[in-house]
Amino acid sequence: MNPRSLERYTIPGPAGALEVALNVPPEPLRGLALVHHPNPVEGGTLDNKVAHTLAKVMFALGYAAVRFNFRGTGDSDGSFDGGEGETADALAALAHGRARVGDLPVVLAGFSFGAFVAARVATLVAAERVVLVGPAVGRFPVGDVAPDAIVIHGEDDDVVPLADVLAWARPQALPVTVFPGCGHFFHGRLPQLARVIAGMWRHHPVTPGA
């Protein structure tokens, strides 16, 4: 994924203008990945390094990557809504992505607050797979996810304790990949994060209807 593949613009959204960043890899496309950024109240935007890493790895896997700024962030109109309005923003960005590249399989990916919103969106649309990095369990009511969801968390996360994520995952019998010695923002570990996600994708293909 490089600047030449990037299109950045605004579309009509539920709260007014909605800023979108779209990267489309060479055809044939494998699907469409919608990437959700961290909490905008705490400075999260579509340019967040973890969100960008998620878009980059999905692009490398053959997915058109759609990032967007939640309402009240960047060039997106509106104000923070705690998840409800942000879910509507995500659905609008997804509809736009589908209009651009076609009705392809959808991957929902998110970091921190964005993982919370991605999990909400997964209850409303059929997703090929869900990828949650540093999900903001305990800070927001993150719901259950599909059993093949990829969940990655840092051992030393001081924003969302690992114990909270394990307590959320345990009733679901949901595996959690833990990065030892890693904090919430995956400083110095982003290339490793991309490699791990790509490896899990290639070695654990999704079987439709399984």
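Look a little higher up for the structure.
Below or above, wherever it landed, is the structure these notes cover. (Residues numbered from 1 in each chain as written. Predicted model: local features only at pLDDT ≥ 70, side-chain atom pairs only at ≥ 80, totals over all residues. Heavy atoms only, no water.)

Some points on unusual backbone geometry
- The peptide bond linking Glu27 to Pro28 adopts the cis configuration, its omega dihedral lying at 5°.
- Even without being glycine, Ser112 reaches a positive phi, approximately 60°.
- Inspection of the secondary structure puts Ser112 in the loop between β5 (106–111) and α3 (113–121).
- Positioned with a positive phi, Phe186 is a non-glycine residue whose angle comes to about 55°.
- By the secondary structure assignment, Phe186 is in the loop between β8 (177–179) and α5 (190–203). (Helix = DSSP H or I, 4+ residues; strand = E, 2+ residues; numbered from the N terminus.)

Points about the side chain of His37
- Mapped onto the elements of the fold, His37 is located in the loop between β3 (31–36) and α1 (49–60).
- Among the residues examined, His37 registers a relative accessible area of 1% and is labelled buried. (Buried < 20%, exposed > 50% of the residue type's maximum accessible area, 1.4 Å probe, protein only.)

Quick word on the side chain of Thr87
- Within the fold, Thr87 resides in helix α2 (residues 84–101).
- For Thr87, a relative accessible area of 4% corresponds to the buried category.
- There is a polar contact of 2.6 Å between the side chain of Thr87 and the side chain of Arg120.
- Residues contacting Thr87, with those up to four places away along its chain left out, are Val117, Arg120, Val121 and Leu124. (Polar contact = N/O pair within 3.5 Å; in protein donor to acceptor, adjacent residues only side chain to side chain. Contact = heavy atoms within 4.5 Å.)

What to know about the sheet that holds β3
- Read across the sheet, 8 strands follow the order β1-β2-β4-β3-β5-β6-β7-β8 without closing on themselves; strand pairing throughout is mixed. Across the chains shown, the open sheet's two edge strands, defined by having one partner strand only, are β1 (6–13) and β8. Here the strands of the sheet are splayed against their neighbours by 20° on average, with no regard to which way each runs.
- As paired strands, β3 and β5 are joined by 5 bridges and run parallel to one another. Pairing of Leu32 across the sheet is with Val106, part of β5.
- Sheet contacts for α1: β2 (16–23), β3, β4 (63–68), β5 and β6 (129–133); angle to β4, the most-contacted strand, approximately 160°.
- Set on the sheet, helix α4 (residues 162–169) makes contact with β6, β7 (150–154) and β8; between it and β7 the angle comes to about 155°. (Pairing = 2+ DSSP bridges. Axes fitted to C-alpha atoms, helices over the stretch in contact; angles between N-to-C directions.)

The values reported here are purely geometric and, on their own, carry no functional implication.
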